[in-house]
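Here is what each chain is made of, one letter per residue.
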Amino acid sequence: MTPTSLDYYGIEELLTSDERAARDRARRFVEEEVMREIVPHHRAGKFPEHLTGRMGSLGFYAPYLKEHGCAGLSYTAYGLIMQELERADSGLRSLASVQGALTIQAIHSFGSPEQHTRWLPGLVSGEQVGCFALTEHRHGSDPGGMETRARRDGDQYVLNGSKCWIGNASIADVKVVWAKDDEGRVGGFIVEKDAPGFRTQDIEGKFSLRMSRTSECWFENCRIPAENRLPQASGLSAPLSCLAQARAGIAWGVIGAAIDCYETALAYAKAREQFGRPIAGFQLVQEKLVWMVQEITKAQLLALRLTRMMEADAVTPAQISLAKRNNAWMALECARKARDILGAAGISDRYPVIRHLMNLETVYTYEGTHDIHTLAIGRDITGLDAFGG
Ligand code: TGC
Ligand code: FAD
């Protein structure tokens, strides 16, 4: 196991022993069971499906929850687990985000006790795969405009519409689908694997998050039992509150990708010689390495403070937006600088940098684009809505 990792400001001292243990368990899993899988699966554009159950058995899905087999750890431990998963590949962290912070979170927050008993144990253990279908072909940043409808018909709901860019939808046993009801109010509906009228297709040709399955979905008079509606989910705030948990995980996760880029670039720069000396000795190269250390350190402090505020139940959506916005941008910039330091070698998957760089283009966009978070924070500090309308 890698003994050390970038920790310029002694973050280690601010963690509890349980948090360190959770991080080390995730790191060990990544190094012993995942790293050898990554390049072949990334090249093939496939997720190593057998890891889904294994990650459940290690308690990686919504580990900040206590019931139904969840690990009952702190939000900081959750963040550290996401960091270690994303150090390997954003697709691995994405699986944990979609399964845990989105699907499990939605059923946990808005489901009935019967729904908890029925679906949560299988999702928490990873025996069942979940997905969270909010985005539509015509509505990404503005999910409030969604066109998918759920019409009540006796003891069933009939869903019509489509969703796009949905992680794991084509293999999901349990799909949390957000749709507007007869009153035009957003609700959450659980669509099970073989629901009649449901169709899905994986999106091919992705250059980013290749080690992750992403799908389109269509609902054509798709009938589900009325008891599959999440009773407590009423309005757009329901899916947005799940996104808050996932965005906090991303704020931590991307630090893992950034550290991997930095450490790769540092080692390369010390070994690679040009003009008769290691390129690490050139001022311009040092400036890039220093920028990475500086921004990763700031991102670590931001992420830690964020999850400590979440542990105290004292965080606002705009504060979460700020951490997601800053840290995803920071990681993408680190990947770009690391790619530059590696020269031509930086475009080869012999090194992890180009893979992280391509992945981070997705992370910059999903869970609210960089600019959508700019406007969310802008609205918070000015009281003025610049989203349009
Ligand atoms: P707005 O009026 O602001 O809000 C509607 C209601 O929601 C409440 N709210 C929140 N609640 C909890 N957490 C948040 N972060 C919240 N933000 C808003 C708000 O108080 C209001 O409540 P109420 O009771 O008054 O109705 O809604 P808006 O239509 O103006 O939109 C705001 C905006 C643009 C920020 C929002 O729509 C947004 O976040 N858009 C981005 C969409 C997005 O992030 N989609 C992500 C899809 S899932 C995904 O990408 C998964 S990838 C996962 C992975 O692989 O890791
Ligand atoms: P758009 O909303 O069309 O935005 C395009 C551009 O316009 C962006 O630059 C944006 O910032 C800008 N823009 C939009 N509105 C404004 C404005 N008011 N002011 C200024 N600029 C604006 N979604 C799910 O529901 N579930 C998933 O599991 C999921 N997984 C994903 C996996 C991958 C690999 C990807 C790429 C996406 C995934 N998404 C998922 C979708 C993701 O959340 C959306 O892509 C994202 O919310 C942006 O929506 P969009 O792509 O439609 O872009």
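Keep in mind the model is a prediction, meaning the values are calculated, not measured. (Residues numbered from 1 in each chain as written. Chains lettered and ligands numbered in written order. Predicted model: local features only at pLDDT ≥ 70, side-chain atom pairs only at ≥ 80, totals over all residues. Heavy atoms only, no water.)

**Brief notes about the site of ligand 1**
Quick note on the threshold: The near set for a molecule or strand comprises every residue that places at least one heavy atom within 4 Å of it. Polar contact is defined as a pair of N or O atoms within 3.5 Å, subject to the rule that within protein one atom must be able to donate a hydrogen and the other to accept it, and that residues adjacent in sequence are counted only when both atoms are side-chain atoms. Each accessible area value is a Shrake-Rupley result obtained with a 1.4 Å probe; residue values ignore everything except the protein chains displayed when judging cover.
Around ligand 1 sit 22 residues in total, of which Arg 93, Ser 94, Arg 247, Gly 368 and Arg 379 are the nearest. Between ligand 1 and the protein, one listed contact pairs a nitrogen atom with a backbone N or O atom of Ser 141 at 3.0 Å. A distance of 2.8 Å separates an oxygen atom of ligand 1 from a polar side-chain atom of Arg 247. Computed on the free molecule, ligand 1 has an accessible area of 1100 Å², of which 69% lies beneath the protein chains in the complex.

**Considerations on the layout of surface pockets**
Stated formally: Whether a set of points on the 1 Å grid over the protein atoms alone is a cavity depends on a 1.4 Å probe fitting there but being unable to get out, while an open set qualifies as a pocket with protein on both sides within 12 Å along at least five of seven lines; lining residues are those with an atom within 4 Å of a point. Grid points are joined across faces, edges and corners, and a volume is the space filled by probe spheres set on the points. The classification used treats Ala, Val, Leu, Ile, Met, Phe, Trp, Tyr, Cys and Pro as nonpolar, Asp, Glu, Lys and Arg as charged, and all other residues, Gly among them, as polar. All the domain ranges listed were derived from an automatic or database domain assignment.
Size it by volume and the second largest pocket reaches roughly 270 Å³. Lining the second largest pocket are 14 residues, with Gly 45, Lys 46, Ile 203, Glu 204 and Ser 212 sitting closest to its centre. For the lining of the second largest pocket, the class distribution of residues is three nonpolar, four polar and seven charged. Split by domain, the residues of the lining of the second largest pocket number at least three in each of domain 1 (11-125) and domain 2 (130-228).

**Describing the site of ligand 2**
The condition that has to hold: Helix and strand definitions here come from DSSP, where helices need a minimum of 4 consecutive H or I residues and strands a minimum of 2 consecutive E residues; each element is numbered from the N-terminal end.
Taken together, 19 residues are adjacent to ligand 2, and Phe 132, Thr 135, Ser 141, Trp 165 and Thr 369 come closest. The separation between an oxygen atom of ligand 2 and a polar side-chain atom of Thr 369 is 2.7 Å. Backbone polar atom of Phe 387 to a nitrogen atom of ligand 2: 2.9 Å apart, as the coordinates give it. For the shell around ligand 2, the elements supplying multiple residues, two or more each, are β3 (156-167), α9 (353-365) and α10 (370-382). Of the residues belonging to the shell around ligand 2, the class tally is nine nonpolar, eight polar and two charged. Composition of the shell around ligand 2 by domain shows at least three residues from each of domain 2 (130-228) and domain 3 (237-382).

**Description of the domain arrangement of the protein**
Many analyses report the size of an interface as the accessible area lost when the parts associate. This is how the line gets drawn: Contacts are assigned to residue pairs with any non-hydrogen atoms lying within 4.5 Å of each other. Accessible area that two parts lose when put together, evaluated with a 1.4 Å probe and summed over both, is termed the buried area. We define a salt bridge as a contact between a side-chain nitrogen of Lys or Arg and a carboxyl oxygen of Asp or Glu at a distance within 4 Å.
Assigned domains of the protein: these are domain 1 (11-125), domain 2 (130-228) and domain 3 (237-382). Between the C-alpha centres of domain 1 and domain 3 the distance comes to 20 Å. If you look at the interface, domain 1 gives 30 residues, while domain 3 gives 33 residues. Roughly 2600 Å² is buried in total at the junction of domain 1 and domain 3, and carbon and sulfur atoms are behind 59% of that figure. Three residues stand out in domain 1 for area buried against domain 3, namely Ile 11, Tyr 75 and Arg 87, and they jointly supply 23% of the buried area on that side. The interface formed by domain 1 and domain 3 includes four salt bridges. On the surface where domain 1 and domain 3 come into contact, there are 15 residue pairs in polar contact (both at pLDDT 80 or more). When residues of the side of domain 1 that touches domain 3 are traced back to their parent elements, those giving at least two are α1 (17-44), α3 (75-88) and α4 (90-110). The element contributing the most residues to the side of domain 1 that touches domain 3 is α3, with 10 residues. Its residues assigned to classes, the side of domain 1 that touches domain 3 comprises 15 nonpolar, nine polar and six charged.

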